[in-house]
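Below, each chain spelled out in residue letters.
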Amino acid sequence: MADRQSARAGKRLVLDKLAKRFQRKGQQQVIAVNGIDLTVNEGELLGLLGPSGCGKSTTLRMIAGLEEPTSGDIRIGERSIVGSPPHARNVAVAFENYALYPPLTVRENIAFGLRARKEKNADQRAREVADRLGISHLLDRKPGGLSSGQKQAVSLARAIVREPDVLLLDEPLSHLDAAERDSTRRELKRLQRETGYTTVLVTHDQQEALSLADRIAVMNAGVFQQVGTAAEVYDRPANLFVADFVGEPRMNLVAGTAVAIPGGMRIHLSGDAVLDLAGDIGAQPRDVTLGIRPQDLRVGRPDDAGALPATVFAYEPLQEVGRLTVTLPGVENRVVVETHHDYWADGGDMVGLKFNPERTHLFDNATGARIEWQPR
Ligand SMILES: Nc1ncnc2c1ncn2[C@@H]1O[C@H](COP(=O)(O)OP(=O)(O)OP(=O)(O)O)[C@@H](O)[C@H]1O
Ligand SMILES: [Mg+2]
């Protein structure tokens, strides 16, 4: 199976200044996708991650041919596919709302596209893919009696079995329960690797994006905020949106003013709370937002050298780690610290926060853009 399919591995997908505006009568125009550029390499799995309504599905629907772009181009290999009908594109889609044919069995549903194109071994190939996704016991059943998770797996199988140039998955695991999702996610990753389909996977679940994707495109309000590997997006978020959206628990973000001091900079978070960093911020004071992930803070004593004194708001012992929430004097936002599981503190205790400077992020308050303040 692997051999046959690798010979048909996917093709490069290019989005070129792609845009989609919706105009409904008597309503304001909606800019769903606002001029995006993207290259998904052959065999790559790109995760499209973003909040509800940011334009993810519209992007997929344009690639699939279910929606025509307002402007811009879509190419598979060297060929522009804008204007060609969906069935002529060799793009397979599995959407969240699996459109299965109720009168057909699962086997017939999976093999439908192959049979329509008079391809050989349709049933055998349907069985192989069903085996891989753990649904071969459902092959003779009709969709009506299946759980939503099972329907979703069938819809996934139906897309994969077609051996497309480009595979589009829109929230393909959203209806699975936690255990099913874990195992289907692993199978999906293996299948994608073995088959080498160029794949775009839409999700608003960052765990799914981080664990499956070679690269992630973070989208908001119809534009890409950042495109990069999971590590790039997580370690060097390009702006405040990405910093806030990616990472669990969320990155602490505290506004302040950065001023140059001899040998570095001082960030005034409030009257009392200041943090010194050994990096260059430029001669002019700058309104910034300081970002640090809960995992990159350490707790010590309030009078430790370089520590920022803080008051414990609450401590929650969790399974493997603890979560400490503290307040800084004069700072409105609470700050969350991930601690060792055997840590303990009570509300009202005084502690000192130690920042890992290499993992401390600065963003420009006016633009939201990341400030590169330390030598790479
Ligand atoms: N056919 C349409 N007519 C008018 N507006 C639309 C249409 N389809 C989508 N939109 C609007 O375009 C924007 C992007 O929608 P889209 O479905 O692409 O978002 P999404 O990122 O897939 O969101 P979700 O995570 O909720 O699925 C939204 O504001 C949506 O209301
Ligand atoms: Mg959607």
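Residues numbered from 1 in each chain as written. Chains lettered and ligands numbered in written order. Predicted model: local features only at pLDDT ≥ 70, side-chain atom pairs only at ≥ 80, totals over all residues. Heavy atoms only, no water.

A.B. asks: Teacher, can you tell me more about the overall build of the protein here?
C.D. replies: Scanning the protein for helices and strands turns up 9 helices and 21 strands. Projected onto its principal axes, the C-alpha positions of the protein cover 75 × 45 × 45 Å. The buried share among the 376 residues of the protein stands at 47%. Within the protein, residue pairs in contact and separated by at least 24 positions form 65% of the contacts whose partners lie at least 6 positions apart. Accessible surface, the protein: about 17,700 Å² in total, of which carbon and sulfur atoms supply 48%. For the protein, the centre of its 47 positive side-chain charges and the centre of its 49 negative side-chain charges are spaced 9 Å apart. (Helix = DSSP H or I, 4+ residues; strand = E, 2+ residues; numbered from the N terminus. Buried < 20%, exposed > 50% of the residue type's maximum accessible area, 1.4 Å probe, protein only. Contact = heavy atoms within 4.5 Å. Areas by Shrake-Rupley, 256 points an atom, 1.4 Å probe, with all protein chains shown as cover. Lys, Arg positive; Asp, Glu negative; His and termini not counted. Charge placed at Lys NZ, Arg CZ, Asp CG, Glu CD.)

A.B. asks: Got a minute to help me understand the pattern of salt bridges in this structure?
C.D. replies: Where charged atoms from two side chains of opposite charge approach closely, those side chains can pair. On inspection of all chains with the given rule, the structure shows 28 salt bridges. Each of D16, K17, D73 and R75 takes part in a single network of salt bridges with overlapping partners. (Salt bridge = Lys/Arg side-chain N within 4 Å of Asp/Glu carboxyl O.)

A.B. asks: I would appreciate a short explanation of the domain arrangement of the protein in the present structure.
C.D. replies: Interface size is commonly expressed as the accessible surface area that is lost when the partners come together. Examined at the domain level, the protein breaks down into domain 1 (2–90 + 164–243) and domain 2 (249–371). Look at where the C-alpha atoms of domain 1 and domain 2 centre, and you get two points 35 Å apart. Carbon and sulfur atoms supply 52% of the area that domain 1 and domain 2 bury against each other, a total of about 880 Å² over both sides. Summed over the three residues of domain 1 that lose the most area to domain 2, namely Y234, L240 and A243, the buried surface amounts to 58% of that side. Across the contact surface, domain 1 and domain 2 share 1 salt bridge. The tally of links between domain 1 and domain 2 comes to 5 residue pairs in polar contact (both at pLDDT 80 or more). Looking at the side of domain 1 that touches domain 2, the elements with two or more residues in it are α8 (230–235) and α9 (240–245). (Domains from an automatic or database assignment. Buried area = accessible area lost by both parts, 1.4 Å probe. Polar contact = N/O pair within 3.5 Å; in protein donor to acceptor, adjacent residues only side chain to side chain.)

A.B. asks: Any chance you could explain the environment of L60 here in plain terms?
C.D. replies: Tracing the backbone shows L60 in helix α2 (residues 56–64). The exposure class of L60 is buried, given its relative accessible area of 0%.

A.B. asks: Explain the nonpolar core to me, please; I cannot follow it from the model alone.
C.D. replies: I110, I135 and I160 are the most contacted members of the largest nonpolar core, which totals 39 residues. With 6 residues, helix α5 (residues 148–160) is the single largest residue contributor to this core. Other than its neighbours up to four places away in sequence, I110 contacts A126, A130, I135, L139, V154, A157, R158 and V161. (Core = buried A, V, L, I, M, F, W, Y, C linked by side-chain atoms within 4.5 Å.)

A.B. asks: So what exactly am I meant to see when it comes to the packing of α5 against helix α6 (residues 178–195) here?
C.D. replies: A pair of packed helices is characterised by two quantities: the angle between their axes and the separation of those axes. Their axes nearest at 12 Å, the elements α5 and α6 cross at an angle of 5 degrees. It follows from the interaxial angle that α5 and α6 lie roughly parallel. Contact residues: G149, L156 and I160 in α5; E180, T184, L188 and L191 in α6. The residue inventory of the contact of α5 with α6, partitioned by class, reads 4 nonpolar, 2 polar and 1 charged. (Axes fitted to C-alpha atoms, helices over the stretch in contact; angles between N-to-C directions. Parallel < 35°, antiparallel > 145°, perpendicular 65-115°, else oblique. Nonpolar A, V, L, I, M, F, W, Y, C, P; charged D, E, K, R; others polar.)

A.B. asks: What is the right way to look at unusual backbone geometry in this model?
C.D. replies: Peptide bonds are mostly trans, and most non-glycine residues show a negative phi. Following E248, the chain continues to P249 via a peptide bond in cis, the omega torsion being -10 degrees. Turning to its location among the elements, P249 is positioned in the loop between α9 and β11 (252–261). Unlike most non-glycine residues, E171 shows phi in positive territory, near 50 degrees. Relative to the assigned elements, E171 resides in the loop between β7 (166–170) and α6. The exposure class of E171 is buried, given its relative accessible area of 9%. Backbone geometry at A221 places phi at a positive 50 degrees, although glycine is not the residue there. Along the polypeptide, A221 turns up in the loop between β9 (215–220) and β10 (223–228). Relative accessible area serves as the criterion here: at 55%, A221 is assigned to the exposed category.

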